[in-house]
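As a plain string of letters, each chain reads:
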Amino acid sequence: MNEESQEIKEILAGNKDKYFQIINRYKDKLFAVAYHMSATEAEAEKLIEQGFLEVYQNLEKYEESIFFSDWLYEQFIPIIGVKRDNDSTKQAKLPFHNPQYIKMEEALHSLAPEAKFQLLLIKLMDFTPAKLSGFIGKSKEEIEKNYSASLKQIRRSTLSSEIQQEGEDCHSVEELSLYFDGKLSDEAEQKMNDHLEFCPDCREVLHLLKQEEATLEKVLEYPKLNESFNDQVLSKLDPYVPAKPKHRTWKYQLSVVGILGAIFLFSVVILPTIKPLASMVSTYMEHGTIYNVWTEGTYAVTDEGITLEITDVEIDSLYMAVYYEISRVGDEPPKKFPVEDVDFYSSKPLRIVDEAGNQFPVDATIPDHLRHARSLAEEEGEEKERPYYLLKMPEELPDEFNLEINFARLQGQYGKWNIEIPIRYDKVEDTAVTVKLGKTINIDDKAVVDIMDATYSENGSRIRYKVNHTKEEEARLRKLLKEHDQEYRMEEILQGRHVGLHVTTEEEHLVLPNYFHFMVYEPNEPVELYFSNYYIGNEQQQQMGNHQIQGKIENPEEELYIKMFGASFQEPTFFSLEVPLKETETTPLESEFSNYKLLDYSLTPEKDGEGNITKYALIINGENQQEGARGDIGWSVSGQSGNYIPTEGWYHYEDMQKEGKKKLLHVDIVPHNNVFPETLVIKADYIYTHYDEKEWEKFPLFTQEEKNDSESE
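Let me begin by describing the structure that accompanies this report. All values derive from a computational prediction rather than experimental measurement.

## Thoughts on the overall build of the chain
- In terms of regular secondary structure, the chain is built from 20 helices and 25 strands.
- When the 713 residues of the chain are sorted by exposure, 44% land in the buried category.
- Sequence separation of 24 or more characterises 67% of the internal contacts of the chain that already satisfy a separation of 6 or more.
- About 38,600 Å² of surface is accessible on the chain, with carbon and sulfur atoms providing 48% of the total.

## A short note on unusual backbone geometry
- One non-glycine residue, E304, lies in the positive phi region at around 55°.
- Its place among the elements puts E304 in the loop between strand 1 (299-303) and strand 2 (306-315).
- Classification of E304 by relative accessible area gives partly exposed; the value is 29%.
- Positive phi, normally seen in glycine, also occurs at N595, with a value near 70°.
- Inspection of the secondary structure puts N595 in the loop between strand 18 (584-593) and strand 19 (596-607).

## Side note on helix 1 (residues 3-12)
- For helix 1, the full list of buried residues reads E4, S5, E7, I8 and I11. Taken end-on, helix 1 shows its buried residues confined to a sector of 160°, consistent with a single buried face.
- Where helix 1 is buried, its residues touch helix 2 (19-37), helix 3 (41-57) and helix 4 (68-80).
- Two residues or fewer after helix 1 comes G14, characterised by a positive phi angle close to 115°.

## Digging into the pattern of salt bridges
- Scanning the entire structure with this criterion turns up 27 salt bridges.
- Close ionic contact of D453 with R464 constitutes a salt bridge, the shortest N to O distance being 2.9 Å. With D453 in strand 11 (residues 447-457) and R464 in strand 12 (residues 460-469), the pair connects residues that are 11 residues apart, well separated along the chain.
- When salt bridges that share partners are traced, they join K446, E473, R476 and E571 into one network.

Reading the values: the criteria
Position labels on residues start from 1 in each chain and follow its written sequence. At least 70 in pLDDT is required for a residue's local features to be given in this predicted model, at least 80 for side-chain atom pairs to be given and counted, and no such filter applies to totals for whole chains, interfaces and linings, which use all residues. Only heavy atoms go into the side-chain values, all of them from the structure, while hydrogens and water stay out. What counts as a helix is a DSSP run of H or I of at least four residues, what counts as a strand is a run of E of at least two, and both are numbered from the N terminus. Exposure classes here rest on a 1.4 Å probe applied to the protein chains alone. A residue is buried below 20% of its type maximum, exposed above 50%, and partly exposed in between. We call two residues in contact whenever any of their non-hydrogen atoms come within 4.5 Å of each other. We get accessible surface area from the Shrake-Rupley algorithm with a probe of 1.4 Å; when it comes to residues, only the shown protein chains can shield them. For this quantity, the arc is that covered by the directions from the helix axis to the C-beta atoms. Salt bridges are defined as contacts in which a side-chain nitrogen from Lys or Arg sits within 4 Å of a carboxyl oxygen from Asp or Glu.

Below is the structure:
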């Protein structure tokens, strides 16, 4: 349990003073946003006070499975960003005397209210455009567009008077801004780097952009609330009164049972079409309530004007599919079923619990094809498949258990939608079919992939495999580690082996996987991969950006194949180079490790407009000597005593696919506390070798011969 969850539990138990820490933790950023959206400081403070009062009143609705900060911010956003009747052109003025700060503040207030609000949430709350999209109901693309336009407008207001570029080939402020924000393509960025090396005017613009960014941060983060605000809010709150269980007298129990019995008799004699109600009586006697407990698979709960109904549960030994419908009070049932209506990011939205209260580990997801792009024909004419939760079934379950649904967010609204569904697992007819495969794939005599079996069911398929180093390769690695007194790293090396197995159709269209949240990889233990019954384009179409659903597997036992598209293995390296941190021209190196030959290194200083060195570009060049594979080297840079040295960039990843001479390491060394280290210690501790260019064999997952063998067993 995290600190905030514990605080909330104590608050709900009656200790309202614990709310002081929550207020203190979030008040300043929220107040800064409100201040820049308000006409006066008093108005901003009033909004933040209102928000904390409402959050306190709603604490009972908070669900531990979501981040508390997300839950809190979502309640504040409509309060802070609400359109008020007063003149929106009036803005609170900060007590700045610095002309640059005043100019920045004026530029900020020149933005349209909606654009300014989005900028504030991104800058102060660290929201990404994708995350913010879910909070304010705008598309990610629209938010990104507004954010870029806001920065452009601010820079136009704050930079124009200071920029004096005299070079004929100088880039525009807009181009340099795109470079500064990391928005250029790789090719354009490289051209810009080449230009900046010889253009002090453009480097000066970048320096001004950095100053402008720092000024914006200072303006946005000011002002702050003092500690008396916390006490002011607490004084208006009443402590929670812990809920006590209701104990009903035997007379009350008997009266309710009598009423239910009368209803049951009435329904049998007069209204035979009504569903049987007898189990409601036993449910009441067992649980003390009949709310949300219905017979014959109908389960529904309403909160915040939203109803969640579980309409079907399908079970076999591979999957449990839980179908649901969501509707608002007074709304017609939706024709489309957006997956986003349900907070499927909750950590434990579904649980399996037996009669004794024991929980069984279960992993759940929403099948990826429901979130995936659909074909044009399906968009226009065919009804989309209704979304459902998919549970990966544990190996062992009791004959009877309860499936507990615990949703904390529906259709963007926080609340409590808790449903308990009794399951008779001993009555389930298992339709899943498992086939033993026994297929093996050898990878460069370093490892062997053993594809053990495949299982097919109504809701998808699963393959299980093991990947192990060959005996010769494992012996070589152990000997190498022993020579360097690093036997302790063997476990890490064994865990660093991965293969890219995919289920495909005969035409090698990729079958969409079912991704679950948790996947524990243990050496020498089987790896399980789960797949849906839908497929998208083949590898070539994927590279061309075709990610649409192409079709559905109708007969998985005949249509499915398996193919490996790549593999990677970690192995230790023991390279170390010690060099003084000073300008160094290209210096030859004579060293080899893990099929890589090191050629040379260089250190190039970068200076600001005043001639001060701001960073050093460290580059090591080399060549890959193994055909059909490429390496990802694990570099580290430290001082002589092993102390951390700050770096930026790690640009060499752009060269990973190149042939011949290329950058194996390209990183910027930056000062720590305005001081550069005297000496660099450059190490390569490990390397991942990737095999992703080889054409691997494809073979069927199911044959008639294998089916007969499986049935006979």
